[in-house]
Amino acid sequence: EPPPTLEELVRKVRISPKLLDQKCSDEHLKSISLFLGWRRVAPHLGLSKMDIEAIEAEKRTEGERRLKVLQKWKMKYGSKATYKSLITVLLAIENAEDAEGVCALLQTPADADKHSAPTATATTPTTPDDHQQSSP
């Protein structure tokens, strides 16, 4: 099955198109660095082989390396280091899972609540004791 297009992903996750054109925030880059497959994506984000080798040499942990790749990309491309460009690269290398992860960070809280509410209620068992405790 081919990866979704950017438009399909945006529709599925319900993200504001205006947000996609914004430069990635440092806070979001830290969150993205928790799951990004950096070795595969780094060359597609415009990092040279020398950049990648330097990151491997200077950063000990995979987490530090993932964050450094994103920071270097943002520094190199400035205002063009947008969510849209990152998601587009991830989809181009058929990494839909990480692209969806980035999109999930961009959901508005109301949308996130709509998506998580059924799961939360389904996984929280209620017993008669719970109801007695909650009544005044």
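Residues numbered from 1 in each chain as written. Predicted model: local features only at pLDDT ≥ 70, side-chain atom pairs only at ≥ 80, totals over all residues. Heavy atoms only, no water.

Caption draft 1: Broad picture of the confidence of the model for the protein. With 79% of its residues at a pLDDT of at least 70, the protein reaches an overall mean of 81. Low pLDDT (under 50) marks residues 111-136, which in the prediction has 9 contacts with non-local residues, meaning those over four places away or in another chain. (pLDDT = per-residue confidence, 0-100. Contact = heavy atoms within 4.5 Å.)

Caption draft 2: Structural context of the packing of helix 5 (residues 49-58) against helix 6 (residues 62-77). Where helix 5 meets helix 6, the closest approach of the two axes is 10 Å, and the angle between their N-to-C directions is 140°. Of the possible angle classes, the one that applies to helix 5 and helix 6 is oblique. Along this stretch, helix 5 crosses helix 6, giving a crossing that reads as right-handed. In contact with Asp51, Ile55, Glu56 and Glu58 of helix 5, helix 6 contributes Arg65, Lys68, Val69, Lys72 and Lys76. Among the residues making up the contact of helix 5 with helix 6, the classes are represented as 2 nonpolar, no polar and 7 charged. (Axes fitted to C-alpha atoms, helices over the stretch in contact; angles between N-to-C directions. Helix = DSSP H or I, 4+ residues; strand = E, 2+ residues; numbered from the N terminus. Parallel < 35°, antiparallel > 145°, perpendicular 65-115°, else oblique. Left-handed = near helix turned anticlockwise from the far one by under 90°. Nonpolar A, V, L, I, M, F, W, Y, C, P; charged D, E, K, R; others polar.)

Caption draft 3: Structural detail: the nonpolar core. Core analysis: the biggest nonpolar cluster contains 34 residues, and Leu45, Leu47, Trp73, Leu86 and Ile87 have the highest contact counts within it. Counting residues per element, the ones that place at least two in this core are helix 1 (6-13), helix 3 (26-32), helix 4 (38-41), helix 5, helix 6, helix 7 (83-92) and helix 8 (96-106). No other element matches the 6 residues that helix 7 contributes to this core. In this structure leucine 45 touches Val69, Leu70, Trp73, Tyr77, Leu86 and Val89, once residues within four positions along its chain are discounted. (Core = buried A, V, L, I, M, F, W, Y, C linked by side-chain atoms within 4.5 Å. Buried < 20%, exposed > 50% of the residue type's maximum accessible area, 1.4 Å probe, protein only.)

Caption draft 4: View of unusual backbone geometry. A positive phi angle, close to 60°, is found at glutamate 94, a residue other than glycine. Looking at glutamate 94, the relative accessible area reads 60%, which means it is exposed.

Caption draft 5: Broad picture of the packing of helix 1 against helix 8. At a minimum axis separation of 10 Å, helix 1 and helix 8 run at an interaxial angle of 45°. One finds that helix 1 runs oblique with respect to helix 8. Crossing hand, helix 1 versus helix 8: right-handed. Between helix 1, through Leu9, Lys12 and Val13, and helix 8, the contact on the second element is made entirely by Ala99, Glu100, Cys103 and Ala104.

Caption draft 6: Region of the structure containing the side chain of aspartate 51. On the secondary structure map, aspartate 51 appears in helix 5. Setting aside residues up to four positions removed in sequence, aspartate 51 forms contacts with Gly46, Lys72 and Lys76.

Caption draft 7: Helix 5, seen in detail. Taken together, the buried positions of helix 5 are Asp51, Ile52 and Ile55. Axial view of helix 5: buried residues confined to an arc of 95°, hence all on one face. Looking at helix 5, the residues exposed on the side facing more than 90 degrees away from the buried face are Lys49, Met50 and Ala57. On its buried face, helix 5 sits against helix 4 and helix 6. (Arc of directions from axis to C-beta.)

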